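# An overview of the molecular structure
One-letter residues, chain by chain:
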Amino acid sequence: MSEIAKIELDGKVYELPVIEGSENEKAIDISKLRELTGYITIDTGYKNTGATKSSITFLDGELGILHYRGYSIEQLAEKASFPEVAHLLIYGELPNQTELNDFESSIKKHTLVHEDMKQFFEAYPAQAHPMGVLSSMISSLATFYPESLDPNRSTEAKNLTVHRLLAKLPTLAAWAYKNSMRHKFMYPRNNYNYCENFLHMMFAMPTEDYHVDPIIVSALNKLLILHADHEQNCSTSTVRIVGSSQANLYSTVSAGISALWGPLHGGANQEVIEMLEQIHNDGGNVDKWVLKAKDKEDPFRLMGFGHRVYKNFDPRANIIKKACDDVLQKLGVNDPLLAIAKKLEKVALEDEYFKSRNLYPNVDFYSGIIYKAIGIPTEMFTVMFALGRLPGWIAQWKEMTENKEPIGRPRQVYIGKTSREYVPLSKR
Ligand code: SDX
């Protein structure tokens, strides 16, 4: 017998159904609330509101659990390749060898972008932030594939758009970097796998081939997997709501890239490194900066700390922290920012302000240190987050469209002026 929730309003008791998910999460279904009671609910920032039922990612903020389609992030980060995880998120299952070969070769067919798009890059100033370039370029792909605008196109046509996006985003991301350096664009090479190809397009020069370092490829593969999906976060919710209007997938993902850019979301990984450099340049006095983070009068926040859902630890942060030591040691990199980050974490986790607010390092706290060690420039950090999150956005969009979810259109409570008469200009 399924549970019900009882709510008493204006002396009347209403019964609302309770739903329970496969991991025993419970929700009160309020889809009939306004019809029954005339009331709506309000929950600024959606801290207590579920937007959908999803089979893609499960996370438990109290226990620090993160699963993609039932597989733990620890196992996937350790054993899988990023294309395998992309296939898992988008199609629901880990691919067998034939399926993986087909998936990867289909993506390889579409890694080039239309030559005309190179002119777009030339219009950007060298200091253009690559996230601004990337979101524009991804949205512009819709102009080269007008068939993608048809919301009723076939499954095969939708799949082609999915593969084009997975194939072209790395190319456009790498070219945004090359453009900022005013270096020659490097074209994708189909003899490389997904991660090798991206690194080649980022770092190869016309004068010499790029040496593919397996340590760097492995680190990038792990980082992309760790960022691949995270249920209904800000940018994924953006993708779902933009996609719910039946906007094309390129524009929908472009909106997700723009939301991710914010410093409170994916932009935090760039902010963390800039914060660590600021502390390092200020003499490394961690205690002083922890005090600033606690001071309500001071706008300074400990970037890379805190999370809307994780209240004990972010499992991804733990994996990345371990990988930091391993990758930097293997590459022979000694980055003073890592020591500062570890000291900052230790001091904060012993401090009542952070403990009482359940503030722990999140995925962005250590990721920049690895990106820096493998040669990714700071301004490209959030682009790396977008590269990792792309399959998650696609999977969530696909689930929303296949479930024929309605256009997203929240309600509000009006608190403005009540009805009043127009006053002529001469009388104001
Ligand atoms: C990502 O949602 C996802 O899943 C996101 C993500 C994903 O994979 O998609 O995990 C990726 O976006 C990670 C978060 C990256 N952002 C940052 O690191 C920026 C710094 N952190 C925050 O600004 C903050 O912690 C948020 C935005 C992450 C969460 O904000 P909430 O849940 O709205 O919490 P809040 O801002 O209401 O903070 C609660 C309290 C407040 O103090 P009080 O008003 O109760 O006194 O904690 C304080 C905040 O001032 N606080 C911090 C803090 N984060 C929260 N104080 C100092 N430093 C911080 N970092």
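From a predicted model like this one, the values you see are computed outputs, not experimental measurements.

### Some words on the site of the ligand
Lining the immediate surroundings of the ligand are 25 residues, of which His230, Arg301, His307, Arg316 and Arg389 lie closest. One of the side-chain N or O atoms of His307 is found 2.6 Å from an oxygen atom in the ligand. Side-chain polar atom of Arg308 to an oxygen atom of the ligand: 2.8 Å apart, as the coordinates give it. When the free accessible area of the ligand is taken as 1,000 Å², the share hidden by the protein chains comes to 79%. Among the residues making up the shell around the ligand, the classes are represented as 10 nonpolar, 7 polar and 8 charged.

### Topic: the pattern of salt bridges
Any two side chains of opposite charge can pair, on the condition that their charged atoms come close. For the structure on display, the rule yields 16 salt bridges. Here Asp351 and Lys294 are joined by a salt bridge, their closest N and O atoms 2.6 Å apart. Placement of the pair is Asp351 in the loop between helix H15 (336-349) and helix H16 (352-356) and Lys294 in helix H13 (residues 286-294), with a sequence separation of 57 residues. Asp351 sits in the buried class, given a relative accessible area of 14%. Given a relative accessible area of 27%, Lys294 falls into the partly exposed group. Connected through shared salt-bridge partners, Arg240, Glu399 and Glu405 make up one network.

### What about the sheet that holds strand S5 (residues 65-68)?
An order of S4-S5-S6 is seen for the 3 strands of this open sheet, with the pairing classed as antiparallel. Taken across any chain shown, the strands that pair with only one partner, and hence form the sheet edges, are strand S4 (57-60) and strand S6 (71-72). Across 4 bridges, S4 lies against S5 in antiparallel orientation. Residue pairing across strands places Leu59 opposite Leu66, the latter belonging to S5.

### A few points about the side chain of Ser254
Looking at where Ser254 falls in the secondary structure, it is placed in helix H11 (residues 249-260). Non-local contacts of Ser254, meaning those with residues more than four positions away in its chain, are made with Ser135, Ile138 and Ser139.

### Points about the domain arrangement of the chain
Segmentation of the chain into domains returns domain 1 (4-50) and domain 2 (75-401). Averaged C-alpha coordinates put domain 1 and domain 2 at centres separated by 36 Å.

### Looking at the packing of aromatic side chains
The final tally for this structure, using the stated rule, is 16 aromatic pairs. The structure contains a cluster of three or more aromatic residues connected by ring pairs, namely Phe305, Tyr353, Phe354, Phe365 and Tyr366.

### Some details on the nonpolar core
Formed by 118 residues in total, the largest nonpolar core has its most connected members in Tyr68, Phe198, Met275 and Leu276. If near-sequence neighbours (up to four positions away) are discounted, Met275 is found in contact with Phe300, Arg301, Leu302, Met303, Leu344 and Phe365.

### Here's the deal with the packing of helix H3 (residues 82-91) against helix H18 (residues 381-402)
Contact geometry of H3 with H18 gives a least axis separation of 8 Å together with a crossing angle of 20 degrees. In terms of axis orientation, H3 runs roughly parallel to H18. Considering the relative orientation of H3 and H18, their crossing is right-handed. Residue-level inspection shows Phe82, Ala86, Leu89, Ile90 and Tyr91 of H3 in contact with H18, the latter providing Leu387, Gly388, Pro391, Gly392, Ile394, Ala395 and Lys398. Considered class by class, the residues forming the contact of H3 with H18 number 9 nonpolar, 2 polar and 1 charged.

Conventions adopted
Residues numbered from 1 in each chain as written. Predicted model: local features only at pLDDT ≥ 70, side-chain atom pairs only at ≥ 80, totals over all residues. Heavy atoms only, no water. Near = heavy atom within 4 Å. Polar contact = N/O pair within 3.5 Å; in protein donor to acceptor, adjacent residues only side chain to side chain. Areas by Shrake-Rupley, 256 points an atom, 1.4 Å probe, with all protein chains shown as cover. Nonpolar A, V, L, I, M, F, W, Y, C, P; charged D, E, K, R; others polar. Salt bridge = Lys/Arg side-chain N within 4 Å of Asp/Glu carboxyl O. Helix = DSSP H or I, 4+ residues; strand = E, 2+ residues; numbered from the N terminus. Buried < 20%, exposed > 50% of the residue type's maximum accessible area, 1.4 Å probe, protein only. Pairing = 2+ DSSP bridges. Contact = heavy atoms within 4.5 Å. Domains from an automatic or database assignment. Phe/Tyr/Trp six-rings, centres within 6.5 Å; stacked < 30°, edge-to-face > 60°. Core = buried A, V, L, I, M, F, W, Y, C linked by side-chain atoms within 4.5 Å. Axes fitted to C-alpha atoms, helices over the stretch in contact; angles between N-to-C directions. Parallel < 35°, antiparallel > 145°, perpendicular 65-115°, else oblique. Left-handed = near helix turned anticlockwise from the far one by under 90°.

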